[in-house]
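Architecture and fold: a report
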Amino acid sequence: MIARWLGRKAPKEEVPARGTRCTACPLAACVRGSRAAVLRMECEGTEACRLRNLGLYEGACVRVLDAQDGLVLEVRGSRLAVGAALGAAITVLPLGA
């Protein structure tokens, strides 16, 4: 809506074609409202350890609540905010909405 006020078109969210299989992608590529399973975390050991303590670990299911400058995730009933760079270092398997 703000984009319309500024005279710009809002970016379109890409939707995969029906029947195509989802593949692994960075968490930062997930759109708002999508769910995903964490496959691996390719960040520094201290960051990975901190994320695991917060419930974000390999095999965990997450839901993207917001994906503007960074990511706001729902992980095991709690909200967790991660930056865009850290979100790009986490590989997930999209599960759908």
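Overview of the structure. (Residues numbered from 1 in each chain as written. Predicted model: local features only at pLDDT ≥ 70, side-chain atom pairs only at ≥ 80, totals over all residues. Heavy atoms only, no water.)

**Comments concerning the side chain of Ser 34**
Test applied: We count a stretch as a helix when DSSP gives it H or I for four or more residues in a row; a strand needs E for two or more, and each element gets its number in order from the N terminus. Within 3.5 Å is the distance limit for a polar contact, defined as a pair of N or O atoms, with the added protein rule that one can donate a hydrogen and the other accept it, and that residues adjacent in sequence qualify only through two side-chain atoms. Should any heavy atoms of two residues lie within 4.5 Å, those residues are counted as being in contact.
Of note, Ser 34 is situated in the loop between strand 1 (25-26) and strand 2 (35-41). A distance of 2.7 Å separates the side chain of Ser 34 from the backbone oxygen of Val 31, its partner in a polar contact. Ignoring anything within four residues of it in the chain, the contact list for Ser 34 reads Val 62, Arg 63, Val 64 and Gly 96.

**Re the environment of Gly 55**
One can find Gly 55 in the loop between helix 2 (45-53) and strand 3 (61-66). Sequence spacing of Gly 55 and Val 75 is 20 residues, and the spatial spacing of their C-alpha atoms is 6.5 Å. Those residues in contact with Gly 55 that sit more than four places away from it in its chain are Ala 60, Val 75 and Arg 76.

**What to know about the nonpolar core**
Condition: Only buried Ala, Val, Leu, Ile, Met, Phe, Trp, Tyr and Cys residues count toward a nonpolar core, and they belong to the same one when joined by side-chain atoms within 4.5 Å. Only protein chains enter the calculation, and the probe is 1.4 Å; a residue is then buried if its accessible area is under 20% of its type maximum, exposed if over 50%, and partly exposed in between.
Counting residues in hydrophobic clusters, the biggest one holds 21 residues, and the most contacted among them are Leu 27, Met 41, Leu 51, Leu 56, Ile 90 and Val 92. Going through the elements one at a time, strand 2, helix 2, strand 3, strand 4 (71-75), strand 5 (78-82) and strand 6 (90-96) are the ones with two or more residues in this core. Met 41 has contacts with Ala 48, Leu 51, Arg 52, Leu 56, Tyr 57, Glu 58, Ala 89 and Ile 90, leaving out every residue within four places of it along the chain.

**A closer look at the sheet that holds strand 2**
Going by this rule: Should DSSP find at least two bridges between two strands, the strands are regarded as paired. In this analysis an axis means a line fitted to C-alpha atoms, helices contributing only their contacting stretch, and an angle means the value between N-to-C directions, from 0 to 180 degrees.
Reading across from one edge, 1-6-2-3-4-5 is the order of the six strands in this open sheet, with antiparallel pairing throughout. Whereas interior strands pair on both sides, the edge strands pair on one side only; in this sheet they are strand 1 and strand 5. Along the sheet, helix 2 makes contact with strand 2, strand 5 and strand 6, crossing strand 2 at roughly 140°.

**Digging into the environment of Thr 91**
Position of Thr 91 relative to the elements: it lies in strand 6. Owing to a relative accessible area of 10%, Thr 91 belongs among the buried residues under this scheme. Between the alpha carbons of Thr 91 and Arg 40 there is a distance of 5.3 Å; along the sequence they are 51 residues apart.

**Some points on the pattern of salt bridges**
Opposite charge on two side chains permits them to pair, given that their charged atoms come into close proximity. Put simply, the test is: Salt bridges are identified by distance alone: a Lys or Arg side-chain nitrogen within 4 Å of an Asp or Glu carboxyl oxygen.
Tallying each qualifying case throughout the model produces three salt bridges. Note that Arg 40 and Glu 42 form a salt bridge whose closest N and O atoms lie 2.6 Å from each other. Glu 74 is the salt-bridge partner of Arg 63, the closest N and O atoms lying 2.6 Å from each other. Of this pair, Arg 63 sits in strand 3 while Glu 74 sits in strand 4, and the two are 11 residues apart along the sequence. Among the residues examined, Arg 63 registers a relative accessible area of 34% and is labelled partly exposed.

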